[in-house]
Amino acid sequence: MNRLKKGLFLFCLLGLLASFAGCSQNENQSTEPVGKVYFNWFDTVSYVYSYAGDPAERFEELSAGVSGILTEYHQLFDIYHEYSGINNLCTVNRLAGGDPLPVDPKLIDFLLYAKDLYEKTDGEMNILLGSVLKIWHDHRTQALDDPSAAALPDQDALEEAARHTDISLLEIDAEKGTVRLADAAAAIDVGAVGKGYATEKAAEYLQQQGAASYVLNIGGNIRIIGQKPDGSGWNTAVKDPEDPENSYAAILKIADTACVTSGNYERFFAVSGKQYHHIIDPDTLWPAEYFASVTVVTRDSGLADVLSTALFCMSYEDGLALANALGGVDVLWIEHDGTLRYTDGLADKFTN
Ligand code: ADP
Ligand code: MG
């Protein structure tokens, strides 16, 4: 399939940018979309759009609700900062090896979910990979700060860190509402699942409020609530891994679903001309090399996020088998040479 050039489509979702200027000025009822941009969640840029033609007050109320939910999950999932009055994942990591820590029931629910998905993905998405991911994170930061100091992690250090990644080290007592890491060297990292999970909670809220024709783009995690008022879907672009800033590999017309991509171009550093990205294969402890990107389209944004990472870390055959076993999951794999492979359910979604 040909790569599409940026000039055709300015933004992740067609038409959104053009209408963004009208943001929150929707005084009269119209079907012109309105949107808001946020910079405060998950170290990334997020957007909330309504195509519903709601009065301005309703959009303000619903986007404020979404904002409250995402802010709360952002704080609970933050592994770099603690916040007064809450025990979050940073606290859990800091107290690793210590006593059980009382946490918000929302964090318990999330950790149970992540543990369940560890099992379902055969360990390819593992939130207990924190000790290994920290090594990669530190090397990436060092290389980006000073490219002349760019270096690869030490294999022995990676293997030592991997001895502290067993999912059973995460002890959850749902009745008592406590969490404990049973090993002082273990650490949680929810980069592969937190954004998608929180996005789904925001989508659930919108649905409970009777909202439809809303689009959430939370740091690239797309969650579409309902259809456009005319019953159609939204053209959603999947970046071309070879030129992610300027061209797209596919445009999918989708509605009432989530769309999440994991790509080797998102965060990386280079050593001796070779790039090392941020999605680590638990089997090798090195950046997964199966694909350039994997896009998952399924209704639940949390599942889409988990699977985009997990399928990035397994072969096409294993990923296809997992998608089929779960049901309701469509996948677009982009190989290193640009070849697209996709599940049958996507065949009629391509608009290019
Ligand atoms: P993005 O953060 O770019 O949306 P992903 O959803 O694939 O992409 O998440 C990647 C992040 O997840 C990494 O930055 C890291 O924090 C974490 N991570 C990397 N590999 C794994 C893995 N195999 N299992 C769980 N988490 C991972
Ligand atoms: Mg993910």
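In case you missed it, the structure is sitting above this.
A brief look at the structure comes next.

Calculation notes
Residues numbered from 1 in each chain as written. Chains lettered and ligands numbered in written order. Predicted model: local features only at pLDDT ≥ 70, side-chain atom pairs only at ≥ 80, totals over all residues. Heavy atoms only, no water. Helix = DSSP H or I, 4+ residues; strand = E, 2+ residues; numbered from the N terminus. Buried < 20%, exposed > 50% of the residue type's maximum accessible area, 1.4 Å probe, protein only. Contact = heavy atoms within 4.5 Å. Areas by Shrake-Rupley, 256 points an atom, 1.4 Å probe, with all protein chains shown as cover. Lys, Arg positive; Asp, Glu negative; His and termini not counted. Charge placed at Lys NZ, Arg CZ, Asp CG, Glu CD. Axes fitted to C-alpha atoms, helices over the stretch in contact; angles between N-to-C directions. Parallel < 35°, antiparallel > 145°, perpendicular 65-115°, else oblique. Left-handed = near helix turned anticlockwise from the far one by under 90°. Nonpolar A, V, L, I, M, F, W, Y, C, P; charged D, E, K, R; others polar. 1 Å grid on protein atoms, 1.4 Å probe; cavity = no way out; pocket = protein on both sides within 12 Å on 5 of 7 lines; lining within 4 Å. Points joined across faces, edges and corners; volume = space filled by probe spheres on them. Donors = N, O, S within 2.8 Å, 3.2 Å for Na, K, Ca; no water. Salt bridge = Lys/Arg side-chain N within 4 Å of Asp/Glu carboxyl O. Near = heavy atom within 4 Å. Polar contact = N/O pair within 3.5 Å; in protein donor to acceptor, adjacent residues only side chain to side chain. Phe/Tyr/Trp six-rings, centres within 6.5 Å; stacked < 30°, edge-to-face > 60°. Lys NZ or Arg CZ within 6 Å of the ring centre and 35° of its normal.

### A look at the overall build of the chain
Counting secondary structure elements, the chain contains nine helices and 16 strands. Along the three orthogonal principal directions, the C-alpha set of the chain runs to about 60 × 50 × 45 Å. When the 352 residues of the chain are sorted by exposure, 52% land in the buried category. Taking the intrachain contacts of the chain between residues at least 6 apart in sequence as the baseline, contacts between residues at least 24 apart amount to 63%. Element-wise, carbon and sulfur atoms account for 48% of the exposed surface of the chain, whose accessible area totals about 15,400 Å². Distance between charge centres in the chain, computed from 25 positive and 51 negative side chains, equals 3 Å.

### Some thoughts on the environment of Val92
By the secondary structure assignment, Val92 is in helix α3 (residues 89–94). In sequence terms Val92 and Ile224 are 132 residues apart; their C-alpha atoms lie 33 Å from each other. Once residues within four sequence positions are removed from consideration, Val92 is found in contact with Leu101, Val103, Val179, Leu181 and Ile188.

### Remarks on the packing of helix α5 (residues 130–145) against helix α6 (residues 155–162)
Two quantities define a packed helix pair, namely the angle between the axes and the distance from one axis to the other. Direction vectors running N to C along α5 and α6 enclose 150°, while the axes themselves pass 7 Å from each other. When the axes of α5 and α6 are compared, the pair comes out roughly antiparallel. The element α5 and its partner α6 pack so that their crossing is right-handed. In this structure, α5 uses Ser131, Val132, Ile135 and Trp136 to contact α6, whose residues at the interface are Ala157, Leu158, Ala161 and Ala162. Here the residues of the contact of α5 with α6 sort into seven nonpolar, one polar and no charged.

### With respect to the layout of surface pockets
Within this model, the second largest pocket holds a volume of roughly 230 Å³. Forming the walls of the second largest pocket are 13 residues, and the residues nearest its centre are Asn264, Lys274, Gln275, His277 and His336. For the lining of the second largest pocket, the leading source of residues is strand β13 (residues 274–277), giving four residues. Here the residues of the lining of the second largest pocket sort into seven nonpolar, four polar and two charged.

### Some points on the coordination of the magnesium ion (ligand 2)
Geometry reference: four tetrahedral donors at a metal, ideal angle 109.5 degrees. Six octahedral donors, ideal angles 90 or 180 degrees. Protein coordination at the magnesium ion (ligand 2): the donors are Ala192 (O), Asp305 (O), Asp305 (OD) and Thr309 (OG1), at 2.1 to 2.6 Å from the metal. Sequence spacing of the donors to the magnesium ion (ligand 2): A-x112-D-x3-T. Placement of Ala192 in the loop between β6 (178–181) and α7 (194–208) and of Asp305 in helix α8 (residues 301–312) is noted, with a sequence separation of 113 residues between them. The pair Ala192 / Asp305 is uniform in exposure class, with both members buried.

### Observations concerning the pattern of salt bridges
Using the criterion set out here, one finds 15 salt bridges in the structure. The shortest N-O distance in the salt bridge between Glu72 and Lys106 comes to 3.1 Å. A residue pair is termed long-range when its members are at least 10 positions apart, and Glu72 in helix α2 (residues 56–77) and Lys106 in helix α4 (residues 105–120) qualify at 34 residues. According to the relative accessible area criterion, Lys106 is partly exposed, its value standing at 31%. Here Arg299 ties to Asp256 by a salt bridge, and the two come within 3.2 Å at their closest N and O atoms. Of the two residues, Arg299 is situated in the loop between β14 (293–298) and α8 and Asp256 in the loop between β10 (247–254) and β11 (258–263); the sequence distance between them amounts to 43 residues. On the basis of relative accessible area, Asp256 is assigned to the partly exposed category, the value being 23%.

### Thoughts on the site of ligand 1
Around ligand 1 sit 18 residues in total, of which Glu124, Asp189, Ser262, Ile280 and Thr309 are the nearest. In the model, a nitrogen atom of ligand 1 is placed 3.1 Å from a nitrogen or oxygen of the Asn126 main chain. One of the side-chain nitrogen or oxygen atoms of Thr309 is found 2.7 Å away from an oxygen atom of ligand 1. By residue class, the composition of the shell around ligand 1 is seven nonpolar, five polar and six charged.

### Some remarks on the packing of aromatic side chains
In total, this model carries 18 aromatic pairs according to the counting rule given. Between the aromatic rings of Trp136 and Tyr276, the centroid separation amounts to 6.4 Å while the plane-to-plane angle is 25°, which identifies the pairing as stacked. Note that Trp136 is positioned in helix α5 and Tyr276 in strand β13, a separation of 140 residues in sequence. Cation over ring: Lys274 sits above Tyr276, and NZ or CZ is 5.4 Å from the ring centre. Its guanidinium or amino end placed over the ring of Tyr316, Arg341 lies 3.7 Å from that ring's centre, counting from NZ or CZ.

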